[in-house]
Amino acid sequence: MDRHTEPHRSAIYATTLVAFLAIAGIAVVDPILPAIGTAIGVTAWQVELLFTAYIAVMAVGMIPATLASGRFGFKPVLVTGVSVVGLAAIAASFSNDIVQLSVLRGVWGLGNAMFFATAMVVLVNLANDREWVVGLFETALGLGFAVGPLIGGLLGEVSWRLPFFVCGMFMVFALLVAAGKLREPTHRQAPVRLGQIFATYRRPAFLILCVVTAAYNFVFFVVLGYTPLFLGLDVIPLGLAFTGWGLGLAAGILLIGHRLAHRIGAVQTVGVALVGLLACMVLFATSTSTAESLVVLVLAGLCMGLANANLTDLALGLGSADRRVATGAFNLVRWGAAAPAPILSGKLAEHSLALPFWVGFGVLAVGLLVYLAFAHLMAAGYGERLRWSRRNQAARQAEHEYRRGGLLSAPVAAQPSARQSR
């Protein structure tokens with residue numbers, strides 16, 4: 001589809017820009033975690049509270065944010081979320097202890113919940129081409145993860161407070177963009193009920209996707225939250241290291257993830273990502289040098305990009321037909337499973353620096369086993385076939401024998417995939 005035929009391009013690009021700034025604000029904290037710990041005199045697990053408080057509140061906040069968007073509209077909730085993030089980030093730059101910082105990061109997470117509960121739904125409803133707009137959104141996230149650490153590293157060299165303050169200024173700019181450019185979808189939808197969100201988990205394919213995503217996102221935040229402490233680098237080198245990770249993430253989304261999905265299917269692409277990330281956990285845990293760990297960090301980002309390029313689209317395809325409900329249910333699991341990862345990694349690191357990665361390996365291995373056992377349900381629900389599935393082989397063999405018996409005179413018309421029909 002020609003992107004110039006999109007009637008709401010300015011609103012779509014404005015929403016995407018706000019998403020980029022929001023993610024850059026998350027990633028800006030990575031390079032300054034060790035500096036914060038040193039400056040205010042706290043242990044590794046206490047510094048990880050900055051991530052855990054943020055993610056936990058964000059996960060819980062997804063539900064009321066989804067309900068509020070159905071009652072008040074998308075734009076008011078989204079603009080409120082951006083405002084809350086900006087205020088929390090600026091206030092964090094003046095904090096003096098870990099409790100204040102953690103509380104403000106929790107408020108920050110609530111603001112981002114309001115944004116992420118609405119942004120994707122707004123984009124999908126405004127665009128004619130869902131695949132394009134999902135790819136655009138995920139690309140913004142990847143670039144935000146790439147740019148955020150670089151900003152955090154450069155500004156953090158001056159003071160760990162400065163990245164928080166600048167992030168707040170970013171969100172003030174995002175607020176101006178959101179207030180001026182964002183718009184409600186053309187058709188106003190009925191309010192969302194709480195029971196609709198939890199009913200989505202009764203769909204077997206969607207439930208399997210949530211289990212796999214939970215394991216994956218736990219590991220995602222082991223890498224994002226714990227690796228800055230594990231590497232032991234100064235602020236600027238650490239910022240550059242996570243810029244490399246973010247570029248790997250962006251490359252996985254932009255250059256490989258969607259292309260691979262068109263070749264082998266979105267479900268199988270997620271499987272490739274899980275296997276690659278599992279290997280990265282082993283390489284992290286057994287790494288013997290900083291240089292080796294940095295290479296693994298970029299490779300992990302690439303694998304994460306493959307997953308991120310397809311998980312959101314799978315959730316929209318396998319979840320409720322109401323995209324607000326599908327997004328709310330998926331994000332509750334996506335962020336809820338990630339919340340324990342940073343603080344647990346900090347506690348485990350007191351016993352062994354490699355232990356958080358081995359625990360991440362175990363969690364992801366469980367997710368991969370669930371994937372191997374039930375990926376056929378996701379593939380069937382999404383209109384794809386798994387090349388390695390015996391169920392597919394048995395189905396093709398039965399169809400072949402059926403035709404040979406003369407019972408089927410013409411080929412069965414291909415069914416449209418979920419990617420095409422939704």
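Thresholds, definitions, all that
Residues numbered from 1 in each chain as written. Predicted model: local features only at pLDDT ≥ 70, side-chain atom pairs only at ≥ 80, totals over all residues. Heavy atoms only, no water. Salt bridge = Lys/Arg side-chain N within 4 Å of Asp/Glu carboxyl O. Buried < 20%, exposed > 50% of the residue type's maximum accessible area, 1.4 Å probe, protein only. Axes fitted to C-alpha atoms, helices over the stretch in contact; angles between N-to-C directions. Helix = DSSP H or I, 4+ residues; strand = E, 2+ residues; numbered from the N terminus. Parallel < 35°, antiparallel > 145°, perpendicular 65-115°, else oblique. Left-handed = near helix turned anticlockwise from the far one by under 90°. Contact = heavy atoms within 4.5 Å. Nonpolar A, V, L, I, M, F, W, Y, C, P; charged D, E, K, R; others polar. Polar contact = N/O pair within 3.5 Å; in protein donor to acceptor, adjacent residues only side chain to side chain. Expected span 1.5 Å × (residues − 1). Core = buried A, V, L, I, M, F, W, Y, C linked by side-chain atoms within 4.5 Å.

A. Representation of the pattern of salt bridges in the model. Per the counting criterion, the structure on display carries 1 salt bridge. Among the ionic pairs, Lys347 bridges to Glu350, the shortest N-O distance being 3.7 Å. For Lys347, a relative accessible area of 38% gives the class partly exposed.

B. Main features of the packing of helix H10 (residues 204-231) against helix H13 (residues 290-318). Look at H10 against H13: their axes get within 10 Å of each other, and the N-to-C directions meet at 155 degrees. One way to sum up the angle between H10 and H13 is to call them roughly antiparallel. The two elements H10 and H13 cross, and the hand of that crossing is left-handed. Contact residues: H10 offers Ala205, Phe206, Leu209, Thr213, Tyr216, Val219, Phe220, Val223, Thr227, Phe230 and Leu231, while H13 offers Thr290, Ser293, Leu294, Leu297, Met304, Ala307, Asn308, Leu311, Leu314, Ala315 and Leu318. Within the contact of H10 with H13, the residues separate by chemical class into 17 nonpolar, 5 polar and no charged.

C. Representation of the side chain of Ser95. Positionally, Ser95 belongs in the loop between helix H5 (74-92) and helix H6 (98-126). The exposure class of Ser95 is buried, given its relative accessible area of 2%. A distance of 3.5 Å separates the side chain of Ser95 from the backbone oxygen of Ala91, its partner in a polar contact. For Ser95, the contacting residues outside a window of four places in its chain are Gln100, Leu101, Leu104, Trp160 and Arg161.

D. Structural detail: helix H1 (residues 9-27). When the terminal C-alpha atoms of H1 are compared, their 27 Å separation across 19 residues agrees well with the 27 Å that a helix rising 1.5 Å per residue should span. A large share of H1 lies buried, amounting to 14 of its 19 residues.

E. Broad picture of the nonpolar core. Counting 141 residues, the largest nonpolar core has Phe115, Phe164, Phe220, Phe221, Trp245 and Leu277 as the members making the most contacts within it. In terms of residues, this core owes the most to one element, H10, which gives 18 residues. Phe220 has contacts with Phe145, Trp245, Leu249, Met304 and Asn308, leaving out every residue within four places of it along the chain.

Shape is all these values report; function is a separate question.
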